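An overview of the molecular structure
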Amino acid sequence: MKALYKNFFRKKDNSNPVLQALGNIPIFENLTDSELNDVARLTHERTYKLDEHVFKKLAPAEGMYVIMNGAVKINDPDSGTTFASLESGDFFGELALLDEEPRSASAVATQPSTLIGFFRTDLLTLMKRSPELGNKILLNLSRVLGERLRRTNQELAKIN
Amino acid sequence: MDSVQKIYRLLLLIIIGGLAWNILPFLASIIGMLIFAFLFTTIFLQGVDRLERYTKSRGLGVFLILTSVISIGVVFFGSFVSNLGSQIKLFTQKLQKEDFALSLENLSGKIRDSLPDFLGNMIPEGDKMIVIAKNSLVNVFQSILTLIGSAGGFLFIAVMVLIFTIILLIEYHDFKRSLVRFIPNKYLEVGLRMIYNIEQQISKYLRGQILAASSVAVLSVIGLFILNQLGANITLIVFIGIIAGLANLIPMVGPFIGMIPAILIALMNNIGNDAALTHQLFGAVPSPFYILDIVLMFIIVQQIDNNFITPVLVGESVGLHPMAVMIVLLIGGTLIGPLGMLFAIPAAGVLKVVISEIVFVTKNSHLL
């Protein structure tokens, strides 16, 4: 009986690291388990060696990355400025989900890293297959970008 | 990469190329089946993706779409065969009647009289015409028998293509993910863009072609219906329309293939009918058995398709220069025949995407 109970009423399997990593970022917030599963089925898990470029400045941009483990540095190779040092659970490149402009900075793995790639073509496929889910992601994405714009405005106000 | 490594890679490439060249003939039929399955997948993929939204099960979506398509196909083919059978039966009965021989004799004589001598001599006499007609009928039956004989092989291929299509439709997105896994990190985003562009190119072209073929079929049926109102006595117009639409998928040659069944059926139905024999197009141009009317009708349908329908539906989907289209068609036709002509343009479209991405990668290698 106990075994039966365990079998039917066991907790959902949250041990999948891809699901965990995706569930923790604001772009995939408020998604049900099955929706998150649908997204995870479209993503691409990639491994990067130390100092390997994830993408270079001005390269064609196709999508965003979530760091599952490892670390990535976002920098401008021309000026040598480092904009951000990102770790497990962080994400970058999300603007490429919306427009086709080239990358504005480079991303380099500062540790051997495993990243999850979610690309514009995946988002388009998702919007076709499940518009409700696609809209949820787009709304979350707009929230993230809006928040970022608000913060930039505040920074500008401080400077002025 | 040092030079020794380069030489090894080159050798490996040559060995793999040589092996592939030798194995290819054995794999050709499987590759052909996979290409067909991939094309069907591209046609139905969007429908399956949409159905999945409502059914919440991809398998059920695939089942519903393929079952309805196969049912429509079977009903169409079945009724076409039975209708064609009764048409041929009627024609055979006509051939056996005495008065039919007489009317053929008359027809031969009339045509000879109306033509200049040097052309008239080329028209066979009545009894010879009966022999020719009987022989051609025997040939038709023989071809049908050969077709039935090869139906076993065709059935096997059709079942295999169906199985491949079902698997591809259900697992399409997972297959794509597995394919992406092989792309090196450096080329990941360019590779994804290339796959997406190829998918778009093929699906746009196929959907455009299918819509254009459907509209040609509808226009042909309307045209044949109008000709019937003028007394052309053409039966099986829906089937002729659908055949014309399907033939239209083969660019340039297709439209002419579409006319043939209409002309043959007009001939079969109207032999012995004096009014049809002396019919004149617009009351001025002699058009025995409405042949010129049929040709003119198909030319009009073709013009409507070429100038209004295809540009809107297919548009610049492939973006090839007309000259390039002709060359590509010739190459496809020479290599594989009619099937080659059918696949030549989408294949060239895919090649164009691949080449443009390779050019992009070569020019911007410093960015990757």
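Residues numbered from 1 in each chain as written. Chains lettered and ligands numbered in written order. Predicted model: local features only at pLDDT ≥ 70, side-chain atom pairs only at ≥ 80, totals over all residues.

Side note on the overall build of chain B
When helices and strands are counted, chain B shows 13 helices and 2 strands. The buried share of chain B, reckoned over its 368 residues, is 22%. For chain B, long-range pairs separated by at least 24 residues make up 65% of all intrachain contacts whose partners lie at least 6 apart in sequence. (Helix = DSSP H or I, 4+ residues; strand = E, 2+ residues; numbered from the N terminus. Buried ≥ 20, exposed ≤ 12 C-beta atoms within 10 Å, placed from the backbone. Contact = placed C-beta atoms within 7 Å.)

A few points about the confidence of the model for chain B
When pLDDT is averaged across chain B, the result is 79; 82% of the residues are at 70 or more. Confidence estimates for the predicted assembly give a pTM of 0.71 and an ipTM of 0.83. (pLDDT = per-residue confidence, 0-100.)

Comments concerning the sheet that holds strand β4 (residues 71-76) of chain A
All names here are of chain A. Spatially, β2-β7-β4-β5 is the arrangement adopted by the 4 strands of the open sheet, whose pairing is antiparallel. Only two strands of the sheet have a single neighbouring strand rather than two, namely β2 (53-55) and β5 (81-87). Recorded for the sheet is a direction-independent mean angle of 25° between the axes of neighbouring strands. Taken together, the 2 bridges between β2 and strand β7 (residues 106-109) define a ladder with antiparallel strand orientation. From the neighbouring strand, F55 faces β7, where its bridge partner is A107. (Pairing = 2+ DSSP bridges. Axes fitted to C-alpha atoms, helices over the stretch in contact; angles between N-to-C directions.)

A look at the sheet that holds strand β1 (residues 44-48) of chain A
All names here are of chain A. Pairing is antiparallel across the open sheet formed by 4 strands, whose spatial order is β1-β8-β3-β6. The open sheet is flanked by β1 and β6 (91-92), the only strands paired with a single partner. Bridge count between strand β3 (residues 63-69) and β6: 2 bridges; the pairing is antiparallel. When the bridges of β6 are listed, Y65 appears paired with F92.

Let's talk about the interface of chain A and chain B
Where interface size is quoted, it is often the accessible area lost as the parts come together. At the interface, 19 residues of chain A touch 16 residues of chain B. Broken down by secondary-structure element, the contributors of at least two residues to the side of chain A that touches chain B are α3 (33-42), β1, β8 (113-119) and α4 (120-129) of chain A. Grouping the constituent residues of the side of chain A that touches chain B by class yields 7 nonpolar, 5 polar and 7 charged. (Nonpolar A, V, L, I, M, F, W, Y, C, P; charged D, E, K, R; others polar.)

Things to note about unusual backbone geometry
Residues and elements named next belong to chain A. Phi is positive for N30, which is not a glycine, with a value near 60°. Looking at the element boundaries, N30 is found in the loop between α2 (17-23) and α3. Residue class for N30 comes out exposed when judged on the 10 C-beta atoms lying within 10 Å of it.

As for helix α7 (residues 188-229) of chain B
The first and last C-alpha atoms of α7(B) sit 61 Å apart over 42 residues, in line with the 62 Å expected at 1.5 Å per residue. Looking one or two residues past α7(B), G231(B) carries a phi angle of roughly 100°, positive in sign. (Expected span 1.5 Å × (residues − 1).)

Some remarks on the confidence of the model for chain A
Mean pLDDT for chain A: 87, with 91% of residues reaching 70 or above. In the predicted structure, residues 7-12 of chain A sits below a pLDDT of 50 and forms 1 contact with residues beyond four places in sequence or in another chain.

Regarding the packing of helix α1 (residues 3-55) of chain B against α7(B)
Residue and element names in this part refer to chain B. Their axes nearest at 9 Å, the elements α1 and α7 cross at an angle of 80°. Viewed along their axes, α1 and α7 adopt a mutual orientation that is roughly perpendicular. Of the residues in α7, those touching α1 at L39, T42, I43 and Q46 are I202, S203, L206 and I210. Residue composition of the contact of α1 with α7, by class: 5 nonpolar, 3 polar and no charged. (Parallel < 35°, antiparallel > 145°, perpendicular 65-115°, else oblique.)

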